[in-house]
Amino acid sequence: MGNLIKVLTRDIDGCSGNFFLDFENAQPTAAESEVWEKVNRVLEESQVILEDLQNYRGAGEEIRQAIQRPGAVGVQERAWSAVVPLVNKLKTFYEFTHKLESSLWCLLDVLTSSEATPTQHLEQKQALARQFAQILHFTLRFDELKMTNPAIQNDFSYYRRTISRMRINNPSVDSAGEVNNELANRMSLFYAGATPMLKTLSDATIKFVSDNPDVPLENTTDCLSTMASVCKVMLESPEYSNRFNSEETVSLCLRVMVGVIILYDHVHPAGAFVKTSNIDMKGCIRVLREQPVSSVEGLVNALRYTTKHLNDEATPKHIRNMLH
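Described in the following lines is the structure provided in the data block. (Residues numbered from 1 in each chain as written. Predicted model: local features only at pLDDT ≥ 70, side-chain atom pairs only at ≥ 80, totals over all residues. Heavy atoms only, no water.)

Let us look at the packing of helix H3 (residues 73-111) against helix H5 (residues 126-147). Contact pair H3 / H5: the axes reach a minimum separation of 10 Å and the direction vectors enclose 150°. As judged from the angle between their axes, H3 and H5 are roughly antiparallel. Between H3 and H5 the crossing geometry is left-handed. For the pair H3 and H5, contact is made by Phe93, Phe96, Leu100, Ser103, Leu104, Leu107, Val110 and Leu111 and by Leu128, Ala129, Gln131, Phe132, Ile135, Phe138, Thr139 and Phe142, respectively. In terms of residue class, the contact of H3 with H5 is built from 13 nonpolar, three polar and no charged. (Axes fitted to C-alpha atoms, helices over the stretch in contact; angles between N-to-C directions. Helix = DSSP H or I, 4+ residues; strand = E, 2+ residues; numbered from the N terminus. Parallel < 35°, antiparallel > 145°, perpendicular 65-115°, else oblique. Left-handed = near helix turned anticlockwise from the far one by under 90°. Contact = heavy atoms within 4.5 Å. Nonpolar A, V, L, I, M, F, W, Y, C, P; charged D, E, K, R; others polar.)

Once that is clear, we can look at empty space enclosed by the protein. Across all of its chains, the model carries one cavity of 30 Å³ or more by this definition. Taken as a whole, the largest cavity holds about 50 Å³ of empty space. Lining of the largest cavity is provided by Leu140, Asp143, Glu144, Met147, Thr195, Leu198, Gly298, Leu299 and Ala302. When residues of the lining of the largest cavity are traced back to their parent elements, those giving at least two are H5 and helix H13 (293-306). Sort the elements by how many residues they give to the lining of the largest cavity and H5 lands first, with four residues. (1 Å grid on protein atoms, 1.4 Å probe; cavity = no way out; pocket = protein on both sides within 12 Å on 5 of 7 lines; lining within 4 Å. Points joined across faces, edges and corners; volume = space filled by probe spheres on them.)

Printed below as a string of structure tokens:
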């Protein structure tokens, strides 16, 4: 992802200046190490989750055969045998959301503390800032992959329709890995959403704010708006973007920028789109629109459909037009 990236922040939290964000090589200081180790274990697992999701092919053919030949016992069993391990994967993906939520809270707890300004936190705790970026990168990548894979919901729907019949017809079927009704209901709600992992992160951020009344709301919103501004400058300035060694860096910056905008829009009472917002929405959308269409279509849709305040009356018309 390139060497150390120097980022010029605009007049964020009252002080403009230069600082570095290293999304590739930042290593934790002794003070960061405990949180970093905890979050790093979850981030390592997130790579396995993404790989499994990317390779998820579904049991479409087996399910089609089973529907077409309802009386063929062997065909039904083949479909069931194909679907069960896939549903166990979907269960693993869903249960990972709890670990992701916990990691986000660990990072927000440090990055929003009143010991320093958001800019100072990001500058001085670069390893944790990098992990925050990696969580957002994972979240939007997961949702992009899920959104383009209809097999996920098809497989799970077939599983739910079939499980009762399989219990009756095959009482000896091993139920150790079975998804019970309560869990199945939660998983259905999760996978029914267009951007399930992003919703998890948004809900987790809202809960962090509500469960920590001693932490001023501005600490959280300023942290998010600072990260958005930093990513925008990295993307729009040739001085910095020319240092990127791969498209992966661009993708990460874009996902992080969009991710923190969405989180900000959910936790700030007025949202991200009003004129008084600490985020330069016009500039962020312009930077997003300047990228190749294929690489940002999902991110534009995320801003359209998963933000809370885009269609508010207070949102300037030109901002809405830029996203439609």
